[in-house]
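Chain by chain, the residues run as shown.
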Amino acid sequence: MRVRDDGGVGEVTAPPQHLVFAYYITGHGFGHATRALEVVRHLVAAGHDVHVVTAAPEFVFTTEITSPCLHIRKVLLDCGAVQADALTVDRLASLEKYHQTAVVPREAILKTEVEWLNSIKADLVVSDVVPVACRAAADAGIRSVCVTNFSWDFIYAEYVVVAGHHHRSIVWQIAEDYSHCEFLLRLPGYCPMPAFRDVIDVPLVVRRFHKSRSEVRKELGIADDVKVVIFNFGGQPAGWELKKEWLPDGWLCLVCGASDTHELPPNFIKLAKDAYTPDLMAASDCMLGKIGYGTVSEALAYKLPFVFVRRDYFNEEPFLRNMLEHYQCGIEMIRRDLLTGHWKPYLLRAITLQPCYDGPINGGEVAAHILQDTAVGKKYISGKLSGARRLRDAIVLGYQLQRAPGRDVGIPDWYSLSEKETGVRPAHTSHDMNGNAESSFEDFEILHGDMQGLTDTMSFLKSLSGLAGNDPRSPEKQTRERAAASVLFDWEEEIYVARAPGRLDVMGGIADYSGSLVLQMPIREACHVAVQRSDPTKQKQWKHTQARQLANGGAVPVLQIVSFGSELSNRAPTFDMDLSDFMDGDKPISYDKAKEYFSLDPSQKWAAYVAGTIFVLMTELGVRFTDSMSILVSSSVPEGKGVSSSASVEVASMSAIAAAYGLNIAPRELALLCQKVENRVVGAPCGVMDQMTSACGEANKLLAMVCQPAEVKELVTIPTHIRFWGLDSGIRHSVGGTDYGSVRVGTYMGRKMIKCAASDILSESLSSCVPMQSGDPNPEEYEEHGVDLLKSEASMEYLCNLPPHRYEAVYAKDIPEVITGAAFLEKYGDHNDAVTQVDPKRSYCVKAPTRHPIYENFRVEAFKSLLTAAKTDEQLSALGELMYQCHYSYNACGLGSDGTDRLVNLVQEIQHRKTSRGGGPSLFGAKITGGGSGGSVCVIGKNCLRSSEEIFEIQRRYKAATGYLPIVFEGSSPGAVKFGYLKIRRRSA
């Protein structure tokens, strides 16, 4: 049988026999249970027995189906996503709970389920979308079908990338379980699901109305002319304090999921726990809630405007959100406005929408027919090319996993699934690096500055020109970020543009916060930031910003930011705030409060890197911003690759703001201020070398800087016979990660131990002075250590000021390999680091993190000296050896990774192999960079064609081994100071 294009299945015939279905439902939320209910209802109505395996409350099914053919078995076989609250998933907790729920007892689960399936004589297993059910069905010799819009291997894959590599086997096991499924009944708004062998698309599965709008309103005592919003955050009661003034005058709010003790204002109505949501939606004028399959499908089906709040780490959400917005049914409310009660402008906008979904909504009936036919042995032909579909899904999944809050990767143009079918649309590419930007940037008059021939700057101006000519009211589909950016600036007024590159850590790395010399190269990839200041009464504002201004009684300085690259991610593309939020009376709020402000909504935490520069300028330099500000951020520095994407955003943002406001900030001070943004506002404990390189670097030169705290020693020209490359391992790096932070804590612990030991030796030495002066014949200890030397070591601020020989001779033997936080705090008090904290319950490596910066500083000094040595293979071999030593020292600290080790090993293999060409090697060394634990490696080699060929060979071999093709960073570009800034204005027509 072939499914018709309209979603129907042809004439319904009576079932040839009584069938038994085992219907497994995931333990995640109510949405799966409510949609499964609709399929089950049709199966039961056809006279079949359905055994529902679920952890959902029984009333979800029994209030709708009263039949002896329905059997409820309360079992939890998976856990879905663990929610920290109604809007946030705890990714690591989700993986750990799944491990305990489904992995540890897996063999027992399979044995139990196989026995149970045989005992009920199941004809077909249906799963929404419990992985182990498919494997249990296969073991029992029963066919299985999945019904879903997403699968758990897709959801957990990103959790593993970000939160727990040690759980990666979970994803493989889930995908393997799904592969036992005969086919997937795929619901609209679906995610990529390459694990399934075949796919049949079905219409929306939605619950039916029981009562009309007027009947429901009559029961609730609500007049027909009263505006009603239904407040629906699913099965996770939020417990928020709701206030009367949050609603427009005359409105009522129906509250789902409120607890018995939750007191509500008079214009909020508490609904019963088992209230039937579709009927309540029919009685409402709009809905306020979170996106899930149930809320989206029913909003679309019943053409109910949906004001939604973005959730954190719900990876299926972007696909549902795109479908919702495609059919003009959704408006996004930022979380801050939800929690502070700024609802009115969103609700008033919502009732002006005209939802236009006109697709079939009989997915429950269609799915039930297909399941019935499958149970009696009929074969379905999906009408799709399975191999091509799985390839497309795998590609989209890969793009999803590579996206980053600083710069998401768009879906390629040739990904041909229609938007209407999937809810996915290609992300706009803000740059055309190969295009001719000449005609476009000439739309702007450059009043100050020089593009310096940089093609990425030309392309950025080209993208601005495209925005200037863009009509946001155009019926042509456009991304949210472009729509917001097109109304961000007043194109007749001046705009300031700054540019700051990422950096490649050649030598130094994590030794920066210990005061080491570092050698850093600014890379070709950079971040551009455009800033416009304007009078608060004249700023072009988004509608909800305008409404907030009116509610607050007048125009105040407002910050509006658009960040390109948010499509297909849970990162909001825009951010706005009143600049007065940074003030407490006539003084700025504390750093802790600023950090908390941006931490409230992870989907907008990216804005801390941009808006944080404003806060730091207010706090550290006393700047007061009385004008409004509009900012556009566009970065080509990929995040998580260890090439300082965050520093480039901070430096470019602060440089552009300084230019717009006429602030004269010295380069070194600017870098230190940007470090404060990352340390104190974002909360990442990085050193300063990233910001210094992005600000002060120059093309084709290594910035030699002593990080005490940030003294540029010199700019070292890279010899013409030497070349550096960066190779990305594909393993995400974060300086906010636990490995980086714990190693930093261990380093500061070691410094404290050395200082204390020096003080003890000094006290003993000084006490020996008196007997020595009265003729003590044994003054060796006093003479050996030297009072001045011990005093300097006892007061040592930077660990790198301790030479390796002093460390080995005096202190190394007393530094422990590992110490618990509690033991350290009891003996030493504090580790004296302002940006990290010692966890008493944790064990910290100390010896390796202490040794690393002491030796790394020596290695960097030697590396710098060798750069000016004679141009020989011996010179390159020595430089490479220093890099290898650095790499293995990182590993000793616990900051290595399988991917970076593989890349370094490939460099070594190529370096030492014998070639038919003869001659010596072309590549000489490699090391992990930056904060380690993934990211990129830096490779040194000869500046010749053969070395480039070998880099590409490493790329190919790494992909063959891992499936990931590394990004190659090559080339250099000027830092923000060398670039200066552009002041531009659009030419008059």
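Residues numbered from 1 in each chain as written. Predicted model: local features only at pLDDT ≥ 70, side-chain atom pairs only at ≥ 80, totals over all residues. Heavy atoms only, no water.

## Some details on the overall build of the protein chain
Part 1: Along the backbone of the protein chain there are 36 helices and 32 strands.
Part 2: Sequence-distant contacts, at least 24 apart, represent 72% of the contacts inside the protein chain between residues at least 6 apart.
Part 3: Summing over all exposed atoms, the protein chain offers an accessible surface of approximately 38,000 Å²; the carbon and sulfur share of this is 50%. (Helix = DSSP H or I, 4+ residues; strand = E, 2+ residues; numbered from the N terminus. Contact = heavy atoms within 4.5 Å. Areas by Shrake-Rupley, 256 points an atom, 1.4 Å probe, with all protein chains shown as cover.)

## Considering helix α31 (residues 821–828)
Part 1: Those residues of α31 lying buried are G821, F824 and Y828. Along the axis of α31, the buried positions cluster into a sector of 65°, meaning they face one direction only. Exposed and facing more than 90 degrees away from the buried side of α31 are E826 and K827.
Part 2: G829 lies just past α31 and shows a positive phi near 85°. (Buried < 20%, exposed > 50% of the residue type's maximum accessible area, 1.4 Å probe, protein only. Arc of directions from axis to C-beta.)

## Quick word on the sheet that holds strand β12 (residues 268–270)
Part 1: Pairing in this open sheet of six strands is parallel, and the strands run β12-β11-β10-β13-β14-β15 from one edge to the other. A single partner strand is all that each edge strand has here, and the edge strands are β12 and β15 (330–333). Neighbour to neighbour, the strand axes of the sheet diverge by 25° on average, direction disregarded.
Part 2: Note that strand β10 (residues 228–232) and strand β13 (residues 286–290) share four bridges and pair parallel. Paired with I230 across the bridge in β13 is M287. (Pairing = 2+ DSSP bridges. Axes fitted to C-alpha atoms, helices over the stretch in contact; angles between N-to-C directions.)

## Remarks on the sheet that holds strand β1 (residues 20–25)
Either a parallel or an antiparallel arrangement is found when strands of a sheet pair, and the pairing is made through backbone hydrogen bonds.
Part 1: Overall, parallel pairing links the seven strands, which are arranged β3-β2-β1-β6-β7-β8-β9 in an open sheet. This sheet does not close on itself; its edge strands, each paired only once, are β3 (70–74) and β9 (199–201). Taking the axes of each pair of neighbouring strands and ignoring which way they run, one obtains an average angle of 20° across the sheet.
Part 2: Here strand β6 (residues 124–128) runs beside strand β7 (residues 144–148); their pairing, made up of three bridges, is parallel.

## Side note on the packing of aromatic side chains
Part 1: Applying the stated rule across the entire model yields 27 aromatic pairs.
Part 2: One aromatic cluster in this structure is built from F575, F582, Y591, Y597, F598 and F615.
Part 3: The ring centre of W116 lies 4.2 Å from the NZ or CZ of R73, which sits over that ring.
Part 4: Above the face of the Y190 ring, R186 is positioned so that its terminal group lies 3.6 Å from the ring centre. (Phe/Tyr/Trp six-rings, centres within 6.5 Å; stacked < 30°, edge-to-face > 60°. Lys NZ or Arg CZ within 6 Å of the ring centre and 35° of its normal.)

## Some points on the environment of E620
Part 1: As for its position among the elements, E620 is in helix α22 (residues 608–621).
Part 2: Discounting residues that sit within four places of it in the chain, E620 has contacts with Y591, L673 and K676.
Part 3: Side-chain polar atoms of E620 contact the side chain of Y591, separated by 2.6 Å. (Polar contact = N/O pair within 3.5 Å; in protein donor to acceptor, adjacent residues only side chain to side chain.)

## Considering the nonpolar core
Part 1: Grouped together as the largest cluster of nonpolar side chains are 67 residues, with contacts concentrated most on F21, Y23, L185, L300 and L371.
Part 2: Counting 62 residues, the second-largest nonpolar core is a separate cluster that includes L559, M629, V649 and V677. (Core = buried A, V, L, I, M, F, W, Y, C linked by side-chain atoms within 4.5 Å.)

## Describing the pairing of β13
Part 1: For β13, the tally of buried residues reaches five of five residues, placing the bulk of the element in the interior.
Part 2: In β13, alternate side chains face the same way, and those of C286, L288 and K290 on one face and M287 and G289 on the other are all buried.
Part 3: Of the strand pairs in this sheet, β13 and strand β14 (residues 306–309) are connected by four bridges, and their pairing is parallel. Within β14, the position partnered with G289 by the bridge is F308.

## Quick notes on empty space enclosed by the protein
Part 1: Evaluation of the coordinates by the stated rule reveals three cavities of 30 Å³ or more.
Part 2: G31, T34, R35, E38, V205, V206, R207, Y293, G294, S297 and E298 are the residues that line the largest cavity.
Part 3: Sorting the residues of the lining of the largest cavity by element identifies α1 (31–45) and α10 (293–301) as the ones contributing at least two each.
Part 4: Space inside the second largest cavity adds up to approximately 40 Å³.
Part 5: Residue lining of the second largest cavity: Y513, S514, T747, Y748, R751, E797, Y798 and L799, and that is the complete set. (1 Å grid on protein atoms, 1.4 Å probe; cavity = no way out; pocket = protein on both sides within 12 Å on 5 of 7 lines; lining within 4 Å. Points joined across faces, edges and corners; volume = space filled by probe spheres on them.)

## A look at the packing of helix α32 (residues 847–866) against helix α33 (residues 873–893)
Each pair of packed helices can be described by the angle between their axes along with the distance between the axes.
Part 1: For the pair α32 and α33, the least separation of the axes is 10 Å and the interaxial angle reads 165°. Comparing the axis directions of α32 and α33 gives the class roughly antiparallel. The handedness of the crossing between α32 and α33 comes out as left-handed. When α32 is examined against α33, the residues A848, P849, H852, E856, R859, A862, F863 and L866 are found in contact with a partner set consisting of Q875, A878, L879, L882, M883, Q885, C886, S889, Y890, A892 and C893.
Part 2: Classifying every residue of the contact of α32 with α33 by side-chain character gives 13 nonpolar, four polar and two charged. (Parallel < 35°, antiparallel > 145°, perpendicular 65-115°, else oblique. Left-handed = near helix turned anticlockwise from the far one by under 90°. Nonpolar A, V, L, I, M, F, W, Y, C, P; charged D, E, K, R; others polar.)

## What to know about helix α20 (residues 543–551)
Part 1: Of all the positions in α20, only H544, T545, R548 and Q549 are classed as buried. One side of α20 carries all its buried residues, which in axial view fall inside an arc of 145°. The exposed residues of α20 that point more than 90 degrees off its buried face are K543, L550 and A551.
Part 2: Structurally, α20 contributes buried residues whose contacts are with α12 (335–340), α13 (344–350), β19 (558–563) and β20 (574–578).

## Quick notes on the confidence of the model for the protein chain
Part 1: Counting all residues, the mean pLDDT for the protein chain is 86, and 87% of those residues have values of 70 or more.
Part 2: Contacts for the low-pLDDT stretch residues 403–440, under 50 throughout, to residues beyond four places or in other chains number 104 contacts.
Part 3: Low confidence marks residues 770–779, where pLDDT is under 50. Its contacts with residues over four positions away, or in another chain, come to three contacts. (pLDDT = per-residue confidence, 0-100.)

## Quick word on the side chain of R751
Part 1: Looking at the element boundaries, R751 is found in helix α26 (residues 738–767).
Part 2: Of the side chains with opposite charge, E797 lies nearest to the buried R751, which makes no salt bridge, at 6.2 Å. (Lys, Arg positive; Asp, Glu negative; His and termini not counted. Salt bridge = Lys/Arg side-chain N within 4 Å of Asp/Glu carboxyl O.)

## So, the pattern of salt bridges
Part 1: Here the structure, examined in full by the defined rule, presents 38 salt bridges.
Part 2: The closest approach of N and O atoms between R41 and E38, which form a salt bridge, is 2.5 Å. One end of the pair, R41, and the other, E38, are both in helix α1, three residues apart, so they sit about a helical turn from each other.
Part 3: A salt bridge links R208 to E64, with the shortest nitrogen-to-oxygen separation between them at 4.0 Å. Taken together, the residues span a long stretch of sequence, with R208 in the loop between β9 and α8 (213–220) and E64 in the loop between α2 (59–62) and β3 at a distance of 144 residues.
Part 4: You can call R208 partly exposed: its relative accessible area is 38%.
Part 5: Each member of the salt-bridge network shares a partner with another, and the members are E909, R913, E953 and R957.

## So, the pairing of strand β29 (residues 923–928)
Part 1: Counting buried residues in β29 gives six out of six residues, a clear majority hidden from the surface.
Part 2: Pairing of β29 with strand β30 (residues 936–942), which is carried by five bridges, proceeds in the antiparallel orientation. Bridging across to β30, L923 finds its partner in G941.

## So, unusual backbone geometry
Part 1: The omega angle of the peptide bond from D128 to V129 is -15°, so this bond is cis rather than trans.
Part 2: Here Q708 and P709 are connected by a cis peptide whose omega angle stands at 0°.
Part 3: Of note, the phi angle at Q452 is positive, near 55°, even though the residue is not glycine.
Part 4: By the secondary structure assignment, Q452 is in the loop between β16 (444–448) and α18 (455–468).
Part 5: Here Q452 falls in the partly exposed class, since its relative accessible area comes to 35%.

## Brief notes about the environment of P602
Part 1: The topology assignment puts P602 in the loop between α21 (591–599) and α22.
Part 2: Taking the C-alpha atoms as reference points, P602 and L87, separated by 515 residues in sequence, lie 10.0 Å from one another.
Part 3: Sequence-distant contacts of P602, that is, excluding residues within four places in its chain, are made with D312, Y313 and R335.

## Considerations on the packing of α22 against helix α23 (residues 645–660)
Part 1: At a closest axis distance of 8 Å, the pairing of α22 and α23 adopts a crossing angle of 50°. By the angle between their directions, the pair α22 and α23 is classed as oblique. Crossing handedness for the pair α22 and α23: right-handed. Across the interface between the two elements, Y609, V610, T613, I614, V616 and L617 of α22 pack against S646, V649, E650, S653, M654 and I657 of α23.
Part 2: Tallied by class, residues from the contact of α22 with α23 come to eight nonpolar, three polar and one charged.

## Thoughts on the environment of F924
Part 1: With respect to the helices and strands, F924 occurs in strand β29.
Part 2: Relative accessible area serves as the criterion here: at 1%, F924 is assigned to the buried category.
Part 3: Ignoring any residue separated from it by four or fewer positions in sequence, one finds F924 in contact with D873, L876, S877, G880, E881, Y884, Q911, I940, G941 and K942.

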